[in-house]
Amino acid sequence: MSDLLKINPGRVLAVFAHPDCAIVNCGGALALWAAGGAEVTVVSCSRGERGGGDPEIDDDEMAARRREELSESLAILGARPPIILDYPDGELENTLGLRRSVVGLIRAHRPEVLISHDPTAVFYGDRYISHPDHRAVGWAVVDSAGSPSAGVRYHPELGSPHRVPLLLLAGSLDPGVTVDIGPAVGAKVAAIRAQVSHVGTEAEWVDDMVRARAEQSGESSGVALAELFRAVRFDGPAD
Ligand SMILES: [Zn+2]
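Along each chain, residue indices are assigned from 1 in the same order as the chain's sequence is written. Selection of residues for local features in this predicted model requires a pLDDT of at least 70, selection of side-chain atom pairs for listing and counting requires 80 or more, and totals for whole chains, interfaces and linings are taken over all residues. As a rule here, side-chain values cover all heavy atoms of the structure and leave hydrogens and water aside.

Draft legend 1. Molecular detail of the coordination of the zinc ion. Coordinating N, O and S atoms are those within 2.8 Å of the metal (3.2 Å for Na, K and Ca), and as water is not part of the atoms, a site may appear to have fewer donors than expected. Looking at the zinc ion, the protein donor atoms are His18 (ND1), Cys21 (SG) and His134 (NE2), and they sit 2.1 to 2.3 Å from it. Motif for the zinc ion, donor spacing along one chain: H-x2-C-x112-H. You can see His18 sitting in the loop between β2 (11–16) and α1 (21–35) and its partner His134 sitting in helix α4 (residues 132–145), a full 116 residues away along the chain. Type-normalised accessible area, obtained with a 1.4 Å probe on protein chains alone, sets the label of each residue: buried when under 20%, exposed when over 50%, and partly exposed for intermediate values. Relative accessible area serves as the criterion here: at 19%, His134 is assigned to the buried category. Helix and strand definitions follow DSSP, with helices as H or I runs of at least four residues and strands as E runs of at least two, each counted in order from the N terminus.

The structure is reproduced here in structure tokens:
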């Protein structure tokens with residue numbers, strides 16, 4: 001049984017590995033909260049230059065396409081234009097450099113909700129293993145939101161610390177909260193369909209796939225269409 005999360009945040013920051021990750025993992029929640037007035041910022045830690053199956057397209061061309069697609073997807077969701085970092089796609093690691101980037105984003109945007117990959121999710125049944133970039137970014141975000149990176153004595157050059165009240169981790173094998181995305185599922189479908197380098201131009205199937213997954217995610221809490229997250233609530237000052 002997963003708890004229904006009903007919030008109306010003012011600032012949301014989503015930090016994921018690749019340009020399509022946030023859309024697929026939490027596009028419904030982002031659209032929902034943006035419609036409620038939230039300032040939604042999405043970060044891709046890589047340019048996604050190795051995504052898409054076409055070997056004829058060089059890395060820079062692919063990265064440019066994916067930037068355009070992400071911009072379009074985020075406009076559909078009501079989010080701000082994307083922030084795209086340049087860590088190498090497929091070679092992301094939870095380094096001090098990546099954590100510095102994430103801590104800097106947290107301090108600059110001061111989100112009430114921070115969202116990323118659940119880094120503990122590795123084996124999805126016996127047919128799928130999580131992308132190592134997802135694990136690396138998930139750990140970097142977890143480590144940046146918690147101690148000691150969030151503390152006042154760490155990274156003073158990045159501005160004053162910000163304690164993130166709520167961290168949500170997507171793709172979790174042990175989710176604890178449900179977000180009802182009923183009003184936002186259409187926006188999520190449209191945003192995923194804008195990821196043409198991944199879904200192609202004839203992507204009617206996206207609608208069925210997104211709805212089927214959302215229905216399945218809602219089952220445990222009696223919600224028709226949902227996204228699920230592991231939730232971590234930080235209270236008290238950063239230390
Ligand atoms: Zn990804």
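From this point, the narrative continues.
Draft legend 2. Up close: the pairing of strand β9 (residues 177–180). Paired strands, in this sense, are two strands between which DSSP finds at least two bridges. Pairing between strand β1 (residues 3–4) and β9: two bridges, direction parallel. Along β9, the bridge assignment pairs Leu4 with Thr178. Of the strand pairs in this sheet, β9 and strand β10 (residues 226–233) are connected by four bridges, and their pairing is antiparallel. Among the inter-strand pairings, Val177 is bridged to a residue of β10, identified as Phe229.

Draft legend 3. Representation of the packing of aromatic side chains in the model. The rule is short: rings of Phe, Tyr and Trp, with Trp giving its six-membered ring, pair when the centres are within 6.5 Å, and they are stacked under 30 degrees, edge-to-face over 60, tilted in between. Overall, the coordinates contain one aromatic pair when judged by the stated rule. Between Tyr124 and Tyr128, the ring centres sit 5.6 Å apart and the planes meet at 50 degrees, which makes this aromatic pair tilted. Exposure remark for Tyr124: the relative accessible area of 28% places this residue in the partly exposed category. With a relative accessible area of 46%, Tyr128 lands in the partly exposed category.

Draft legend 4. Expanded view of the sheet that holds β1. Pairing is mixed in the open sheet, where eight strands are placed in the order β1-β9-β10-β8-β5-β2-β3-β4. Lying at the two open borders of the sheet, with one neighbouring strand each, are β1 and β4 (83–87).

Draft legend 5. Molecular detail of α1. Given a helix with a known number of residues, its expected span is that number minus one, times 1.5 Å. Helix length check: α1, at 15 residues, gives a terminal C-alpha distance of 20 Å against a target of 21 Å (1.5 Å per residue), a fit within 8%. Its maximal kink placed at Gly27, α1 deviates by approximately 80 degrees. Across the 15 residues that make up α1, a large majority, 11, are buried. Restricting attention to buried positions, one finds in α1 the residues Cys21, Ala22, Ile23, Cys26, Gly27, Gly28, Ala29, Leu30, Ala31, Trp33 and Ala34. Note on α1: the residue one or two positions beyond its end, Gly37, has a positive phi of about 110 degrees. Two axes enter the definition of the bend at a residue: one is fitted to the seven residues ending there, the other to the seven starting there, and the bend is the angle between them.

Draft legend 6. Structural detail: the pattern of salt bridges. What makes a salt bridge here is a side-chain nitrogen of Lys or Arg within 4 Å of a carboxyl oxygen of Asp or Glu, nothing more. All chains considered together, the criterion is met by 13 salt bridges. Two residues, Asp20 and Arg66, come together in a salt bridge whose shortest N-O distance is 2.7 Å. On the criterion of sequence distance, the pair formed by Asp20 in the loop between β2 and α1 and Arg66 in helix α2 (residues 59–77) is long-range, its members being 46 residues apart. By the burial criterion, Asp20 is buried, and Arg66 matches it. A salt bridge links Glu91 to Arg50; the nearest nitrogen and oxygen atoms lie 3.0 Å apart. Residue Glu91 is located in the loop between β4 and α3 (96–109), and its partner Arg50 is located in the loop between β3 (39–46) and α2; the two are separated by 41 residues in the primary sequence.

Draft legend 7. Local environment of the nonpolar core. Formed by 61 residues in total, the largest nonpolar core has its most connected members in Val15, Leu30, Trp33, Leu114, Ile115, Leu168 and Phe229. Broken down by element, this core gets its largest block of residues, nine residues, from α1. Setting aside anything within four residues of it in sequence, one finds Leu168 in contact with Leu5, Trp33, Val113, Leu114, Ile115, Ser116, Val177, Phe229, Arg230 and Ala231. Put simply, buried Ala, Val, Leu, Ile, Met, Phe, Trp, Tyr and Cys residues joined by side-chain atoms within 4.5 Å make one nonpolar core. Note on definitions: a residue-residue contact is assigned when non-hydrogen atoms from the two residues lie within 4.5 Å.

Draft legend 8. Spatial organisation of the packing of helix α5 (residues 185–193) against helix α7 (residues 205–218). The N-to-C vectors of α5 and α7 enclose an angle of 130 degrees; their axes lie 9 Å apart at closest approach. Relative to α7, α5 is oriented oblique. Crossing hand, α5 versus α7: right-handed. On α7, the residues touching Val185, Lys188, Val189, Ile192 and Arg193 of α5 are Val206, Asp207, Val210 and Arg211. Grouping the amino acids of the contact of α5 with α7 by side-chain chemistry returns five nonpolar, no polar and four charged. Interaxial angles span 0 to 180 degrees and are taken between N-to-C directions of axes, which are lines fitted to C-alpha atoms, for helices over the stretch in contact. For classification purposes, angles smaller than 35 degrees are called roughly parallel, those larger than 145 roughly antiparallel, those between 65 and 115 roughly perpendicular, and all remaining angles oblique. Definitions for this section: a left-handed crossing has its near helix turned counterclockwise from the far helix by less than a right angle. A right-handed crossing has that turn clockwise. Charged means Asp, Glu, Lys or Arg here, nonpolar means Ala, Val, Leu, Ile, Met, Phe, Trp, Tyr, Cys or Pro, and polar covers whatever is left, Gly included.

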